[in-house]
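Coordinate analysis (summary)
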Amino acid sequence: MKAIILAAGRGSRLGGLSDNNPKCFNDVGGKKLIEWQIEALKSSGVKDIIIVTGYKSKAIEKLGYNTIHNSDWENTNMVKSLECASELLENDLIVSYADILYGPLTIKSLIKNNKDIVISYDKNWLTLWKKRFKNILDDAESFKIDKSKRVTEIGKKVKDVSEIEGQYMGLMRFNQKGLAILKEFLLTHKDSIVKMDMTKLLSILIKDNKPVHGMSINEHWCEIDAPNDLIVANELFNQGKLCFDY
């Protein structure tokens with residue numbers, strides 16, 4: 001089992017908070033986001049961790065983990081960063097955004113899940129979104145899942161919360177069959193993935209009837225995309241909601 005953390009982006013919506021350090025260096029509870037992720041992965045048995053860097057790459061390289069540099073990070077998006085690590089897409093693989101915080105229970109559950117492609121989602125997302133946004137629909141995206149836990153829609157703008165059955169976290173797992181699907185996608189869409197985000201990739205796979213399944217999480221998490229998110233995350237930490245059992 002490997003893990004790839006996609007940490008190439010600058011995090012421009014954080015403003016001055018990402019002027020001097022990578023986005024994943026922002027602190028929650030006195031610990032960098034990247035440290036939260038690595039701790040959750042390692043305590044779940046995932047030792048082989050690769051970080052795709054871009055902005056402020058040298059700071060991440062000093063952490064001592066294997067890194068791959070997306071030299072065109074300013075003009076590309078997450079799928080291109082993932083393609084930079086395409087030679088490492090083998091065996092079972094966890095893929096994580098670098099701006100999220102989660103615990104080991106979510107990783108362990110992903111590892112145990114036997115579906116080819118599985119993404120974690122929060123069915124109780126509304127509570128967190130109300131803390132993050134004045135208008136919860138400003139950033140929320142569609143997420144629909146059927147009785148077999150297969151995701152039928154993701155990543156579209158919505159007009160009503162009824163179109164959202166959960167929120168995709170930015171954390172997923174591929175087994176060998178799932179990786180074969182992913183590698184074929186990256187090869188056949190080589191010219192269009194430069195600006196593609198991960199939800200767009202997933203939505204295309206879903207439209208092509210590829211097996212993308214959802215896994216509901218059972219612990220708190222957060223995403224750090226704007227200054228208020230840091231306030232919310234630290235409030236959750238101070239309330240004991242981000243105290244995970246390692």
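For the structure itself, look to the data block above.
Because the structure is predicted, anything quoted here is derived from the model rather than measured.

Moving on: the environment of M169. Here M169 is to be found in strand β11 (residues 167-174). Separated by 25 residues in the primary sequence, M169 and K144 have C-alpha atoms spaced 14 Å apart. Residues within four places of M169 in sequence aside, it is in contact with Y97, I100, Y102, T106, S120, Y121, I217 and W221.

In this section: the sheet that holds strand β8 (residues 117-122). With mixed pairing, seven strands are arranged side by side in an open sheet as β5-β4-β1-β6-β11-β8-β12. Because the sheet does not close on itself, it has two edges, and the strands there are β5 (66-69) and β12 (212-216). Across the sheet, the mean angle separating the axes of adjacent strands is 25° when strand polarity is ignored. Pairing geometry for strand β1 (residues 2-7) and strand β4 (residues 48-53), over six bridges, is parallel. Pairing of A7 across the sheet is with T53, part of β4. Relative to the sheet, helix α7 (residues 198-207) contacts β1, β6 (93-97), β8, β11 and β12, its axis offset from that of β11 by approximately 70°.

Turning our eyes to something else, we now look at the side chain of D116. Along the polypeptide, D116 turns up in the loop between α4 (104-112) and β8. Buried D116, no salt bridge; nearest opposite-charge side chain is K177, N-O distance 5.3 Å. Looking at D116, its side chain comes within polar contact range of the side chain of N175, at 3.0 Å. Those residues in contact with D116 that sit more than four places away from it in its chain are R173, F174, N175, K177, G178 and P211.

Moving on, we get to unusual backbone geometry. Here the phi dihedral of K149 falls at roughly 70°; this positive angle occurs in a residue that is not glycine. Structurally, the position occupied by K149 is in the loop between β9 (141-145) and β10 (151-157). Positive phi outside glycine occurs at N209, with the angle close to 65°. Looking at the element boundaries, N209 is found in the loop between α7 and β12. Of the residues examined, N209 reaches a relative accessible area of 60% and is grouped as exposed.

Thresholds applied
Residues numbered from 1 in each chain as written. Predicted model: local features only at pLDDT ≥ 70, side-chain atom pairs only at ≥ 80, totals over all residues. Heavy atoms only, no water. Helix = DSSP H or I, 4+ residues; strand = E, 2+ residues; numbered from the N terminus. Contact = heavy atoms within 4.5 Å. Pairing = 2+ DSSP bridges. Axes fitted to C-alpha atoms, helices over the stretch in contact; angles between N-to-C directions. Buried < 20%, exposed > 50% of the residue type's maximum accessible area, 1.4 Å probe, protein only. Lys, Arg positive; Asp, Glu negative; His and termini not counted. Salt bridge = Lys/Arg side-chain N within 4 Å of Asp/Glu carboxyl O. Polar contact = N/O pair within 3.5 Å; in protein donor to acceptor, adjacent residues only side chain to side chain.

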